[in-house]
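Each chain, written out:
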Amino acid sequence: MNHKKIKSLQSIRDVHLIDIENLCGSSNPTAEEVSLVRSSYRTLVKPGQFDQFYVRVSSHHNLAAAAFGWPDARVHCKEGHDGADILIAKDLLENKFEKSFGTIYLASGDGGLAPFAKHVVNRGGSVSVISLPGSISMQMRFTGARVLYLNPSQGLVP
């Protein structure tokens, strides 16, 4: 594919890297909770038809809820504490999404991902962080990424 076509595709699609446990505010979200978060997320971000979604979980127990609650996403699991963060960090480092997508939406306020978000911003990528208002770390606020908050009045924050 030539450079002009790649740039054209980049302008019409974004990638969404989602730590669903973080975004739900629960270590064991239900499919209904994931679906509610998905609805609120789509209202906030207004993704395009060519956007790609990657939902990450830290427990195989959450795979079904993530898959049924966010059916248009690629769902992956890495078992253990911060497993979803590790998968997202790997995505940010290895895939160079900033070359193929207009905006990288990072749906987690976890401070452990802040250096990776900053790394992408420093490489010239456009990063937007999506978080619940009470779940974003100070480190994430200072990455140079735009920060958007899910609306807690929609029943997403207990």
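Residues numbered from 1 in each chain as written. Predicted model: local features only at pLDDT ≥ 70, side-chain atom pairs only at ≥ 80, totals over all residues. Heavy atoms only, no water.

*Asks:* Explain the nonpolar core here, please?
*Replies:* It is characteristic of soluble globular proteins that their nonpolar side chains tend to be buried jointly. Counting 21 residues, the largest nonpolar core has I18, I20, L23, Y41, W70 and I130 as the members making the most contacts within it. Contributing elements (two or more residues each) for this core: α2 (20–24), α3 (31–45), β2 (52–57), α4 (63–69) and β4 (104–107). A total of 4 residues in this core trace back to one element, the largest contributor, which is α3. For I20, the contacting residues outside a window of four places in its chain are V34, V37, V55, R56, V57, A66 and W70. Membership of the second largest hydrophobic core comes to 19 residues, among which are I88, L92, L113 and A117. (Core = buried A, V, L, I, M, F, W, Y, C linked by side-chain atoms within 4.5 Å. Buried < 20%, exposed > 50% of the residue type's maximum accessible area, 1.4 Å probe, protein only. Helix = DSSP H or I, 4+ residues; strand = E, 2+ residues; numbered from the N terminus. Contact = heavy atoms within 4.5 Å.)

*Asks:* Hey, could you run me through the packing of aromatic side chains in this one?
*Replies:* Here a ring pair, both rings aromatic, is described through the centre-centre distance and the interplanar angle of the planes. For the structure on display, the rule yields 4 aromatic pairs. Judged by centre distance (5.6 Å) and plane angle (70°), the ring pair of F97 and F101 falls under edge-to-face. The two residues F97 and F101 agree in class, both being buried. One cation-aromatic arrangement involves R13 over F101; the distance from NZ or CZ to the ring centre is 4.3 Å. (Phe/Tyr/Trp six-rings, centres within 6.5 Å; stacked < 30°, edge-to-face > 60°. Lys NZ or Arg CZ within 6 Å of the ring centre and 35° of its normal.)

*Asks:* How do you make sense of the packing of helix α5 (residues 83–94) against helix α6 (residues 114–122) when you look at a structure like this?
*Replies:* When two helices pack together, you describe them by how their axes are tilted relative to each other and by the distance separating the axes. Contact pair α5 / α6: the axes reach a minimum separation of 10 Å and the direction vectors enclose 15°. The angle between the axes of α5 and α6 places the two elements in the roughly parallel class. Relative to α6, α5 is oriented so that their crossing is left-handed. Residue-level inspection shows A89, L92 and L93 of α5 in contact with α6, the latter providing F116, A117, H119 and V120. Taken together, the residues that form the contact of α5 with α6 break down as 6 nonpolar, 1 polar and no charged. (Axes fitted to C-alpha atoms, helices over the stretch in contact; angles between N-to-C directions. Parallel < 35°, antiparallel > 145°, perpendicular 65-115°, else oblique. Left-handed = near helix turned anticlockwise from the far one by under 90°. Nonpolar A, V, L, I, M, F, W, Y, C, P; charged D, E, K, R; others polar.)

*Asks:* Mind showing me how you'd approach α6 here?
*Replies:* The periodicity of an α-helix, 3.6 residues per turn, causes residues three or four positions apart to be oriented the same way. Listed in full, the buried residues belonging to α6 are A114, A117 and V120. Take α6 and look down its axis: the buried residues cluster within an arc of 125°, on one side only. Exposed residues on α6 whose side chains face more than 90 degrees from its buried face are P115 and N122. Those residues of α6 that are buried are in contact with α5, β4, β5 (127–131) and α7 (138–141). Trailing α6 by a residue or two, G124 shows a phi angle of about 95°, which is positive. (Arc of directions from axis to C-beta.)

*Asks:* Which parts of the structure should I look at to understand α5?
*Replies:* For α5, built from 12 residues, the straight-helix expectation of 16 Å at 1.5 Å per residue is met to within 8% by its first-to-last C-alpha distance of 16 Å. Along α5, the positions that sit buried rather than exposed are G83, A84, D85, L87, I88, A89, D91 and L92. Where α5 is buried, its residues contact β1 (15–19), α2, β2, β3 (74–77), β4 and α6. K96 lies just past α5 and shows a positive phi near 45°. (Expected span 1.5 Å × (residues − 1).)

Purely geometric stuff here, so don't read any function into it on its own.
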